[in-house]
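Residue strings, one per chain:
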Amino acid sequence: MNALVPLPVLLPLCATGLSLAFGTRLKAVQRLVSVAVLTAVLGLSVTLMIAADSHGPLTVHLGDFAPPLGITLVADRLSGLMLTVSSAVTLCVLVYSLGQGMADREEETPVAVFHPAYLILVAGVSCTFLAGDLVNLYVGFEIMLVASFVLLTLGGTGPRIRAGSTYVIISLFSSMLFLTAIAMTYAATGTANFAQLAVRLAALPLGVQTLIQAMLLTVFAVKAAVFPLAAWLPDSYPTAPAPVTAVFAGLLTKVGVYCMLRTETLLFPGNRLGDLLMAAALASMVIGILGAVAQTDLKRLLSFTLISHIGYMVFGIGLATRDAYGGAIVYVAHHITVQTTLFLVTGMIERRSGTTELTRIGGLARAAPLLAVLFFVPAMNLAGIPPLSGFIGKLALMRAGVADGGAWAWTLVAGSAVTSLLTLYVTAKVWNLAFWRTAPPGQAADGTLLEADSDEDDADTDEPGPDRIPGTGDEPVRPRHQPAGRAVAATLHGHAVTTTTRLPRPMTWATAATVALGLAFTVFAGPLTSYTDRAAAELLARAPYVEAVLGR
């Protein structure tokens, strides 16, 4: 069984080479390879999760080199669950992207980049979850960074290049800080292996331990978009294509949360920086949701709710009890699925209405009832309406806070309740504006917009305004369209467009699958919470992980 551990990383990397070889000449084969590989990764992830739960952590030392010389990969209960949820979500997003036609315009390019970049991203995520040392954790981050920049800038529009540049600059800063922390750790202990560090860090002076812990937390807080290190996110994610935004918002920020969970339990037990983490959690909750309240663009609104709900997970990490860790793990799994679903639905709304600006759309509940259902269920889940999984995760965290009884804990319990109510207000606002009210006259197309304005990079039919610089992508654009299905005439914001009468089926199927996955967390809440409780106990025990890696 241990031999299966590297496969979630190796399979996507090998498939990347095949995808590049097929390119635009054999698009059907390229798509088949991507779907088949991600399906296999999902099956492997489920197998590893079950095996880790039954037999304890699974380890493999690549090349049979013992730590600290070799590359160690470890699959325990936490990484098994994260692998399974992330694999399911990335597969659904890939199917969605096929329906949207993410690679349709790559016929004009020498290299088809979407599928290879997406597979590399999946490999990087898997590497991060399985990494058994700081160096390979860093490698996983860098793999994700390379793929992320390609995916963020697909289409080459001005806004996407600017957003991608911001993302890369922030990521490079955190990478430099991460490398510095790794160098300090190795200099002080002679190893970067997690299991060995769990033994050796305790012998260091308290000040050195705290410095290394603070540096690593800063790196992971940037990745997770924890306030005040989250300012980059609302400007970076909304400009990307809908599938890219969905997988980034739903999954990549949780990689940072996972790293915080792993290092705070395995390397730095004792919760020395618990108060700092809870302060950051409270600030993320409140400031994030207030930012969402102020937005009228759906993508930016969801980006701010993402920052806000990261605070719930950091709340659990800051409490550092078994119940708190269990609640945090439940909430991570829940939020990956729900946030991804909401961004996929947002992409469908943009395809139908041509915009995500809430003041310009309406009437979707009557015009597209299935789309309304696909939004309503995850929106209520995000708000924490009983008995959905969002309520289960929040309740577990708030109960852990009450059991702790400290001043910060009670403050976070109150902040969690207020944030949940404001999240309900925000989702109700979206529902009322986009779905429930009558469509604004002359503002929405009757059908499905095939190409959103932001998807084009070379339309310049309007003159730039006084504050719009030619050649930067800020100019107003008129979209080009690729007709598909039965076309109907429509007018969108005064421009003639070509639309179809329904959304592509793969987009609907994939979104419905993520909705079903979120509901599955509710239906199987008992087994899920039991599993996460065992995962939390394993994290706090530390010994099973250390013994599995070092063979003691």
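These lines cover the structure that appears in this document, whether it is placed above or below. (Residues numbered from 1 in each chain as written. Predicted model: local features only at pLDDT ≥ 70, side-chain atom pairs only at ≥ 80, totals over all residues. Heavy atoms only, no water.)

Before going further, it helps to spend a moment on the overall build of the protein chain. For the protein chain, the count of helices and strands is 20 helices and five strands. Out of the 552 residues belonging to the protein chain, those deemed buried represent 58%. Across the protein chain, the fraction of contacts at a sequence separation of at least 24, relative to all contacts at a separation of at least 6, is 79%. Surface summary for the protein chain: the accessible area is close to 20200 Å², and the carbon and sulfur share equals 66%. (Helix = DSSP H or I, 4+ residues; strand = E, 2+ residues; numbered from the N terminus. Buried < 20%, exposed > 50% of the residue type's maximum accessible area, 1.4 Å probe, protein only. Contact = heavy atoms within 4.5 Å. Areas by Shrake-Rupley, 256 points an atom, 1.4 Å probe, with all protein chains shown as cover.)

Right, let's talk about the environment of Ala 21 for a bit. Along the chain, Ala 21 falls in helix H1 (residues 7-22). Classification of Ala 21 as partly exposed rests on a relative accessible area of 45%. Each C-alpha atom, one on Ala 21 and one on Pro 116, is 9.9 Å from the other, the two residues being 95 residues apart in sequence.

A grouping of Phe 227, Val 286, Ile 287 and Leu 290 is seen on the molecular surface, where their side chains present a nonpolar patch of about 300 Å² in accessible area. Position of Phe 227 relative to the elements: it lies in the loop between helix H8 (206-224) and helix H9 (233-236). (Patch = residues over 30% accessible without salt bridge, like charges linked within 9 Å, V, L, I, M, F, W, Y side chains within 5 Å. Salt bridge = Lys/Arg side-chain N within 4 Å of Asp/Glu carboxyl O.)

On to empty space enclosed by the protein, then. Summed over all chains, the structure comprises six cavities of 30 Å³ or more. Roughly 140 Å³ of internal volume is contained in the largest cavity. Those elements that provide at least two residues to the lining of the largest cavity are helix H5 (134-152), helix H6 (158-189), H8 and helix H10 (242-266). In terms of residue class, the lining of the largest cavity is built from ten nonpolar, four polar and one charged. (1 Å grid on protein atoms, 1.4 Å probe; cavity = no way out; pocket = protein on both sides within 12 Å on 5 of 7 lines; lining within 4 Å. Points joined across faces, edges and corners; volume = space filled by probe spheres on them. Nonpolar A, V, L, I, M, F, W, Y, C, P; charged D, E, K, R; others polar.)

At their nearest, the axes of helix H3 (residues 77-100) and helix H13 (residues 322-353) sit 10 Å apart, and the two run at 5° to each other. In this view, H3 runs roughly parallel relative to H13, as classed from their interaxial angle. For the pair H3 and H13, contact is made by Leu 78, Leu 81, Met 82, Val 85, Val 89, Val 93, Tyr 96 and Gln 100 and by Ile 329, Val 332, Ala 333, Ile 336, Thr 337, Thr 340, Leu 344, Gly 347, Met 348 and Arg 351, respectively. Residues of the contact of H3 with H13, tallied by class, amount to 13 nonpolar, four polar and one charged. (Axes fitted to C-alpha atoms, helices over the stretch in contact; angles between N-to-C directions. Parallel < 35°, antiparallel > 145°, perpendicular 65-115°, else oblique.)

A word on the side chain of Thr 423. Along the polypeptide, Thr 423 turns up in helix H17 (residues 407-436). What makes Thr 423 buried here is its relative accessible area of 0%. Here Thr 423 is in contact with Ile 289, His 309, Leu 382 and Ala 383, once residues within four sequence places are set aside.

With 17 residues, helix H19 (residues 525-541) should reach 24 Å at 1.5 Å per residue; the first-to-last C-alpha distance of 24 Å fits that figure. Regarding H19, the residues found buried are Ala 525, Leu 528, Tyr 531, Thr 532, Ala 535, Ala 536, Glu 538 and Leu 539. Down the axis of H19, the smallest arc covering the buried residues is 160°, so these residues share one side. One or two residues past the end of H19 sits Arg 542, with phi positive at roughly 65°. (Expected span 1.5 Å × (residues − 1). Arc of directions from axis to C-beta.)

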